[in-house]
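# Fold and geometry: a report
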Amino acid sequence: MEGEDQAMTDAPNGFDESHVAPTARQESGDVSVNSGMNVDMDDSEASSDSGKLVTLTERRGLLPTGCCYDDRMKLHANADFGPAPHHPEDPRRIEEIMKIFKKAGLVFTGPDSQLVNILKENPTKYMWRIPARPATKQEICTVHTPDHYDWVQALSAMSTRDLRVLSHSLDQGRASLYVGGMSYEAALLAAGGCVETCKNVVAGHVKNAFAVIRPPGHHAEYDNPMGFCLFNNVPIGAKVCQNEYPDSCRKVLILDWDVHHGNGTQNMFYEDPNILYISLHVYDNGNFYPGKPDNPMIPDGDIDKIGEGPGRGKNVNIAWPSQGMGDGEYLAAFQKIVMPIAREFNPDLVIISAGFDAADGDELGGCFVTPSCYAHMTHMLMSLAGGKVAVCLEGGYNLKAISNSALAVARTLMGEPPPQMEMPPINKEAARLLARVQAAQSPFWECMRPGIIDVQELGEKTTRLHDAIRGYQRQVLSEKYAMIPLYIQREVLYKSYENQVLVTPGLQAKRKIMLIIHDPPELRVMPDLIDNTVDPHNGFIVDGVMSYIDWAHKNDFGIIDVNIPHYITHTEDIDAFTPRADEKTLQRQILELVCYIWDNYIQLYDVEDLFLVGVGNAYLGIKVLLTNRDCKNRIAGVVNFVTGNLRPVKSETDTDLSSWYKHNSLVYVTNDHLCWKDADLTKKVLKKRFGGVQRSPEVGLHRMMETHAKEVYEFITDRLERGRSGNTTEEEE
């Protein structure tokens, strides 16, 4: 090592340059390496390569993993002592991690006299200690203001009483911070430990390293402490490495998997094109810490905060919509977003802001990431930057969870393969979030562009596909059955459902009416496997409703066809991907529509046999009609096809409604529905309020409607004949 990089010399259980200097000896054309490995070379090869002999320690894979730790960092403690348990940012956090490292045999605990032999025989057996040193003011001010440095320094001169008052004040609101008499000294060591860890990785003295440091840093702003953080350790380490190694460390990836957004790190590099900051955190619409800044001009952790100026695209927020995320969500984020962008960025150094508060067992984070998942994420990041990875501790407040998670990361850094694990299912909301992140980043990264559409670039003469499909359906229904749009005399409702409600002519004179409330047709598309493009001839519309309309028309039914879009488009929509309407929104829209149709049309008709058919999520319309209008006595039968939520039909004012629904309905439920996988759920859905539930042998709406068409037609015909003969249903009796 040269210059400042000789810091490892004085470390307990560390090593100096004399231990790792080139030790290859040239004897009779043989190169003997201190590990005992021999490489045979003839004289000509030995001569030509005499200046290029590769020693053991020059091969990154045969270098040890570094570990930075100093007990003095535990001296940062809360001066505002009280009867309550200690603050979550507990000094024991780093101690417990080092304990488990030693217990697992990752850190050498024997006499220093054995170090030379260990280096010769098995240099990667242990993590080798990198001593923490106080960071200099110059290093800290690469990202912080001098005033901020002076504020932290002044803590060491304050009285205990003043520190307690200050801690009590700072622990309120967004600042969320405590201070003590040794906080300044500990913060210097944490920042300096991070700097030395990163420098040793960049210089090639260790293949990778883990800095077990505190206080954490990623919330600290350039001019203010915040969120348990005084100095922002990782940005300091990144900038020092860029300044001191401009040729070998130009581009740095900072991957932050702490459950809280690293607001300070983001804001320090928001306009920097050479620092890629990727954060996986709980956002919860800005309600999860650190939340939204008081100044609305300062960016928060939402996915649309992508950097500014030359830094656009170099800020990636994977902002989970809620707590409760686990291995499936994090691995999906890595596979779909993190690694593709990171590979395209091609960093010279990877620094992991390794908070372990998303770990399973951490109550503050409320997520369920396992040690195995942390190992897999680390392993993926080790494929970048030639393996130059520095892991720096951030948050994590459950001592057992943080220790086990850190151990899994350390073992992976040392070369152990990650544990085998199955890919867990991913939360649907999280999957939608990842799609939105991809769309937000697609203007800046080639890897994010497949399948992403810029709606604004398409121009004004564009049509949403669901509108085009409904237009096609209207044309077909008009040509075959002369069906026309039903006028709805409410401006907002009419604009939303224009062309969505079609009826046969002379509906008011019909004695038999079939009201079909259904989802849009299913789309099946086969994209080109090379460039992901879609040609119209490789797309298919699957519409199971048409055969039922055809049957009803042949049997002289009046038909009301109600198509319920998954989303009501608006002229101002510019997003290429829009999630389906949630249950609450869908129910509100359908309720207004079906009640309008009932009040202004069906109720006024002299109809003798009315049948309701619900298909897909739109079958919610059947429920809201039955529960919001006194209409059951005018309905001859109900048929539903269900692939999503099963909805109970019950009323507080009509106690007979559930029983009537049970005896006058067929409710076909897809064969792969969750209700069939649990005996208790199966028993529950067979109760009367869910209707005449039947398990279909088929999966999917189209297959169910096709398979059960004959049964449905017989069900309707039987009730028509029963009505003509004067027979009544069991319920009516």
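Provided above is the structure to which this section pertains.
This section reports on the structure supplied with the text.

## Comments concerning the overall build of the protein chain
A count of helical and extended segments in the protein chain gives 24 helices and 21 strands. Relative to its full complement of 733 residues, the protein chain shows a buried share of 52%. Look at the contacts in the protein chain between residues 6 or more apart in sequence, and 77% of them connect residues 24 or more apart.

## Some thoughts on the sheet that holds strand β9 (residues 315–320)
Taken in spatial order, the 8 strands line up as β5-β4-β6-β11-β10-β7-β8-β9 in an open sheet, and their pairing is parallel. The two strands at the open ends of the sheet, each matched to only one other strand, are β5 (127–130) and β9. Sheet twist, expressed as the mean angle between neighbouring strand axes with direction ignored, is 15°. Note: strand β8 (residues 275–282) against β9, 6 bridges, orientation parallel. Bridging from a neighbouring strand, His281 pairs with Ala319 of β9. Against the sheet, helix α3 (residues 92–103) contacts β4 (65–68), β5, β6 (208–211) and β11 (389–393), and its axis sits at roughly 130° relative to β11.

## Thoughts on a nonpolar patch on the surface
Judged by side-chain polarity, Leu465, Tyr472, Leu523, Val525, Val534 and Ile541 come together as a nonpolar surface patch covering roughly 550 Å² of accessible area. If you list the elements that add at least two residues to the nonpolar patch, you get α16 (465–481) and β15 (522–525). Structurally, the position occupied by Leu523 is in strand β15. A residue is classified by how much of its surface remains accessible, and Leu523, at 42% relative accessible area, is partly exposed.

## Section: the sheet that holds strand β14 (residues 512–518)
In spatial order, the strands read β12-β13-β17-β14-β18-β19-β20-β21; together these 8 strands make up an open sheet with mixed pairing. Strand pairing shows two members of the sheet lacking a second neighbour, β12 (484–485) and β21 (693–695), which therefore form its edges. Relative to strand β13 (residues 501–503), β12 is paired through 2 bridges, and the arrangement is antiparallel. When the sheet's bridge partners are listed, Pro485 is paired in β13 with Leu502. Across the face of the sheet, helix α18 (residues 545–554) comes into contact with β14, β17 (558–563), β18 (609–615) and β19 (635–642) while running at roughly 175° to β14.

## Quick look at empty space enclosed by the protein
Summed over all chains, the structure comprises 2 cavities of 30 Å³ or more. Here the largest cavity is characterised by a volume of approximately 50 Å³. Every residue lining the largest cavity is listed: His466, Ile469, Arg470, Gln473, Gln500, Pro520, Pro521, Asn563 and Pro565. It is α16 that contributes the most residues to the lining of the largest cavity, 4 residues altogether. Class assignment for the residues of the lining of the largest cavity results in 4 nonpolar, 4 polar and 1 charged. Quantified by volume, the second largest cavity comes out at close to 40 Å³. His261, His281, Val282, Tyr283, Phe288, Tyr289, Pro290, Gly291 and Gly301 together form the lining of the second largest cavity. Of the residues contributing to the lining of the second largest cavity, the split by class is 5 nonpolar, 4 polar and no charged.

## Some remarks on helix α11 (residues 327–345)
Of all the bends found along α11, the most pronounced is centred on Phe334 and spans about 45°. Phi turns positive, to about 60°, at Asn346, one or two residues after α11.

## Regarding α3
Taking 1.5 Å of rise per residue, the 12 residues of α3 would be expected to cover 16 Å, and the 16 Å separating its terminal C-alpha atoms lies within 8% of that figure. Residues of α3 that are buried: Arg93, Ile94, Ile97, Met98, Ile100 and Phe101. Looking straight down α3, one finds its buried side chains confined to an arc of 160°; they lie on one side. At the C-terminal side of α3, Gly105 shows a positive phi close to 80°.

## What to know about a positive patch on the surface
On the surface, a cluster of positive charge is made up of Lys650, Lys683, Lys684 and Lys687. Mapped onto the secondary structure, Lys683 falls in helix α22 (residues 679–685).

## Focus: the packing of α11 against helix α12 (residues 371–381)
The N-to-C vectors of α11 and α12 enclose an angle of 10°; their axes lie 10 Å apart at closest approach. Judged by the inter-axis angle, α11 sits roughly parallel to α12. Contacts between α11 and α12 involve Asp327, Tyr330, Leu331, Phe334 and Met339 from the former and Cys373, His376, Met377, Met380 and Leu381 from the latter. Considered class by class, the residues forming the contact of α11 with α12 number 8 nonpolar, 1 polar and 1 charged.

## As for the pairing of β9
Most of β9 is tucked away: 6 of the 6 residues are buried. Residues of β9 alternate between two faces, with Asn315, Asn317 and Ala319 on one and Val316, Ile318 and Trp320 on the opposite face, all of them buried.

## Focus on unusual backbone geometry
With omega at 0°, the peptide bond leading from Arg214 into Pro215 counts as cis. By secondary structure assignment, the location of Pro215 is in the loop between β6 and α9 (233–244). In this structure, Pro290 follows Tyr289 across a cis peptide bond, with omega equal to 5°. As for its position among the elements, Pro290 is in the loop between β8 and β9. The phi angle at Asn285 is positive, at roughly 60°, despite the residue not being glycine. With respect to the helices, strands and loops of the structure, Asn285 is situated in the loop between β8 and β9. Taking relative accessible area as the criterion, Asn285 reaches 57% and is therefore assigned exposed.

Definitions and limits used
- Residues numbered from 1 in each chain as written.
- Predicted model: local features only at pLDDT ≥ 70, side-chain atom pairs only at ≥ 80, totals over all residues.
- Heavy atoms only, no water.
- Helix = DSSP H or I, 4+ residues; strand = E, 2+ residues; numbered from the N terminus.
- Buried < 20%, exposed > 50% of the residue type's maximum accessible area, 1.4 Å probe, protein only.
- Contact = heavy atoms within 4.5 Å.
- Pairing = 2+ DSSP bridges.
- Axes fitted to C-alpha atoms, helices over the stretch in contact; angles between N-to-C directions.
- Patch = residues over 30% accessible without salt bridge, like charges linked within 9 Å, V, L, I, M, F, W, Y side chains within 5 Å.
- Areas by Shrake-Rupley, 256 points an atom, 1.4 Å probe, with all protein chains shown as cover.
- Salt bridge = Lys/Arg side-chain N within 4 Å of Asp/Glu carboxyl O.
- 1 Å grid on protein atoms, 1.4 Å probe; cavity = no way out; pocket = protein on both sides within 12 Å on 5 of 7 lines; lining within 4 Å.
- Points joined across faces, edges and corners; volume = space filled by probe spheres on them.
- Nonpolar A, V, L, I, M, F, W, Y, C, P; charged D, E, K, R; others polar.
- Bend = angle between axes of the 7 residues up to and from the residue.
- Expected span 1.5 Å × (residues − 1).
- Arc of directions from axis to C-beta.
- Lys, Arg positive; Asp, Glu negative; His and termini not counted.
- Charge placed at Lys NZ, Arg CZ, Asp CG, Glu CD.
- Parallel < 35°, antiparallel > 145°, perpendicular 65-115°, else oblique.

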